[in-house]
Amino acid sequence: MEELRRDRRNLVQNILITLLALSAAVLFTQTQLYNLNLTTGEAPSAPVQSAAPAEELAAPVRTAVTGDYGRCGGMALTTADPAFADPLGRRLLEALGSARDYVPCARADFLRALRGPSLYYDFLEPLPLPVLAALLGGGEEISQDLSARRLLIVPQDGGSALYLWDGGEGCFRASTAVSADSLEQVIGRYELGDASFAMDGNGLERDLDPCSLLPAQPPSLAAYTLGDPLAGGTDWLLSALGFNPRSRTRHTESNGTELIMDGDRTLRIRPDNSVHYQSGDEPSLRVKAAGETPTAREAALGAGSLLSGLLSPVSGEARPWLQSLRRSGEVTVLRFGYQLQGVPVRFQDGGFAAEVTLTGSAVTALTLRFRQYAAAEGESSLLLPLPQALAVAAADPGKELSIGYVERGGECRAYWLSD
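These figures come from a predicted structure and were not determined experimentally. (Residues numbered from 1 in each chain as written. Predicted model: local features only at pLDDT ≥ 70, side-chain atom pairs only at ≥ 80, totals over all residues. Heavy atoms only, no water.)

1. Describing the packing of aromatic side chains
Evaluation of the coordinates by the stated rule reveals 9 aromatic pairs. Note on Y120 and F197: the rings are 4.9 Å apart at their centroids and 80 degrees apart in plane angle, and the pair reads as edge-to-face. One end of the pair, Y120, is in strand β4 (residues 118-128); the other, F197, is in strand β8 (residues 195-197), and 77 residues separate them in sequence. With a centroid separation of 6.4 Å and an interplanar angle of 80 degrees, the aromatic rings of Y338 and F347 are classed as edge-to-face. According to the relative accessible area criterion, F347 is buried, its value standing at 3%. The rings of F110, Y163 and W165 are connected pair by pair, giving a single aromatic cluster. The ring of F243 is capped by R265, whose NZ or CZ atom sits 4.2 Å from the centre of that ring. Above the face of the F347 ring, R369 is positioned so that its terminal group lies 4.2 Å from the ring centre. (Phe/Tyr/Trp six-rings, centres within 6.5 Å; stacked < 30°, edge-to-face > 60°. Helix = DSSP H or I, 4+ residues; strand = E, 2+ residues; numbered from the N terminus. Buried < 20%, exposed > 50% of the residue type's maximum accessible area, 1.4 Å probe, protein only. Lys NZ or Arg CZ within 6 Å of the ring centre and 35° of its normal.)

Okay, structure coming up:
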């Protein structure tokens, strides 16, 4: 009889677990979308055509500090946050500046090193090392022609080693001048135990990308409303891009797009607040460069400065951040997203906030998606508890589980995302 009672109890528990997973799946698929105060005042001035400080290029970064008794993880930081800059950013910049003789290594080597005492950094997208150094406030070029998304500093023979991983097949290791003692001092400043990687677990998290950084408790993140960033008019934008706001070659097309022409330069402002600029034979916008073609660092800083002058004055609490930089000959294409307090924003169409095309140092094309985010008073984003998110994400093994903002129905809220 006792055995029969126990079997019935186990059956009921299994049914409840199954129902919970199914209800979580419905909620998750309804809300998790991966693959998915108007600030007018004075009109913004024309963008500065010069290298910008690192704050204008600030990017989201996920960090983890690992000691002998656990990990401390940061889910919502930017490279400009004081909590990141010292000591984590300072140590990484020191490691990048002193690293020598990078040698290829395997992904398994990176993950093995991640299990021990270490400082871990994830910039969400692979970027060239000179750009990463600029994000950290470095004033000098990094000579290595490598890109990285995830970086790891670990003790090694009284010194330290720096691991680079682009998230794909590119993984490298180099010795650095950062001392093992200084790493221990940094690790000792943090209270460990509030985060883990998927590879640490023995349950459903083992089906995720091993570097999924999971907080013990989901963070409390604000919800945002979407305003109309161009409601106050677009004359300031025309002036900033070198167009005459009173131009006679300014008219509205049948689809609602406003077309402005100045010689062979064109500017299109669409009803959805997306803007496309195309230069003529003599571009008027340029980034500062020592040579005819800017370095990766010069291109990133110049484009960041340009977008800071165009997007930030009307974007509310969001700021642009560099997602990718591609080069082919003298052409450089940079794509930017929006981030809110260190958490990236995803668009339902998978698009980007801005794309800057440089031919040499000239801005020959520019695409902008204007947005305005304001914190919804008294509202926060309701994230699924981690066990429920894991239960749903486990249905698609190998994906990385993370937290991001997604626009939906005139608002922007944080969700668990699997990609």
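More follows now that the structure is in view.
2. As for the environment of Q323
Mapped onto the elements, Q323 comes out in strand β15 (residues 319-328). Put simply, Q323 and A59 are 264 residues apart on the chain and 8.6 Å apart in space, counted from C-alpha to C-alpha.

3. Considerations on the pattern of salt bridges
In the structure shown here, the tally under the stated rule is 21 salt bridges. Note that E94 is salt-bridged to R91, the shortest N-O span being 3.7 Å. Here R91 and E94 lie together in helix α2 (residues 82-98), a separation of 3 residues that amounts to about one turn. A residue is classified by how much of its surface remains accessible, and E94, at 33% relative accessible area, is partly exposed. We note a salt bridge from D349 to R369, for which the minimum N-O separation is 3.2 Å. Here D349 is found in the loop between β17 (343-346) and β18 (354-359), whereas its partner R369 is found in strand β19 (residues 362-369), with 20 residues between them in sequence. Owing to a relative accessible area of 57%, D349 belongs among the exposed residues under this scheme. In this structure, a network of salt bridges that share partners links the residues R62, D122, R149, R150, D209 and E400. (Salt bridge = Lys/Arg side-chain N within 4 Å of Asp/Glu carboxyl O.)

4. Quick word on the confidence of the model for the protein chain
Fine structural detail should not be taken from predicted coordinates in areas where pLDDT scores are low. With 87% of its residues at a pLDDT of at least 70, the protein chain reaches an overall mean of 86. At the level of individual helices and strands, the protein chain shows its lowest average pLDDT in helix α1 (residues 2-31), which scores 43, and its highest in β18, which scores 98. Across residues 1-52 the pLDDT falls below 50, and counting only partners more than four positions away or on other chains, this stretch makes 64 contacts in the model. (pLDDT = per-residue confidence, 0-100. Contact = heavy atoms within 4.5 Å.)

5. Some words on the environment of T66
Position of T66 among the secondary structure elements: in strand β1 (residues 60-67). Separated by 48 residues in sequence, T66 and L114 place their C-alpha atoms 8.0 Å apart. At 2.6 Å, the side chain of T66 forms a polar contact with the side chain of R71. (Polar contact = N/O pair within 3.5 Å; in protein donor to acceptor, adjacent residues only side chain to side chain.)

6. Some thoughts on the nonpolar core
By size, the foremost hydrophobic cluster in this structure holds 98 residues, and its most contacted members are Y121, L151, L162, L334 and L366. Element by element, the count of residues in this core is highest for helix α7 (residues 296-310), at 8 residues. If near-sequence neighbours (up to four positions away) are discounted, L366 is found in contact with L241, V275, H276, Y277, L306, L307, L310, E355 and V356. (Core = buried A, V, L, I, M, F, W, Y, C linked by side-chain atoms within 4.5 Å.)

7. Details of the side chain of D122
As for its placement among the helices and strands, D122 is situated in strand β4. Judged by relative accessible area, which is 1%, D122 ranks as buried. A polar side-chain atom of D122 sits 2.8 Å from the main-chain amide nitrogen of L124. Excluding residues that lie within four positions of it along the chain, D122 makes contacts with P60, V61, R62, R149, R150 and E400.

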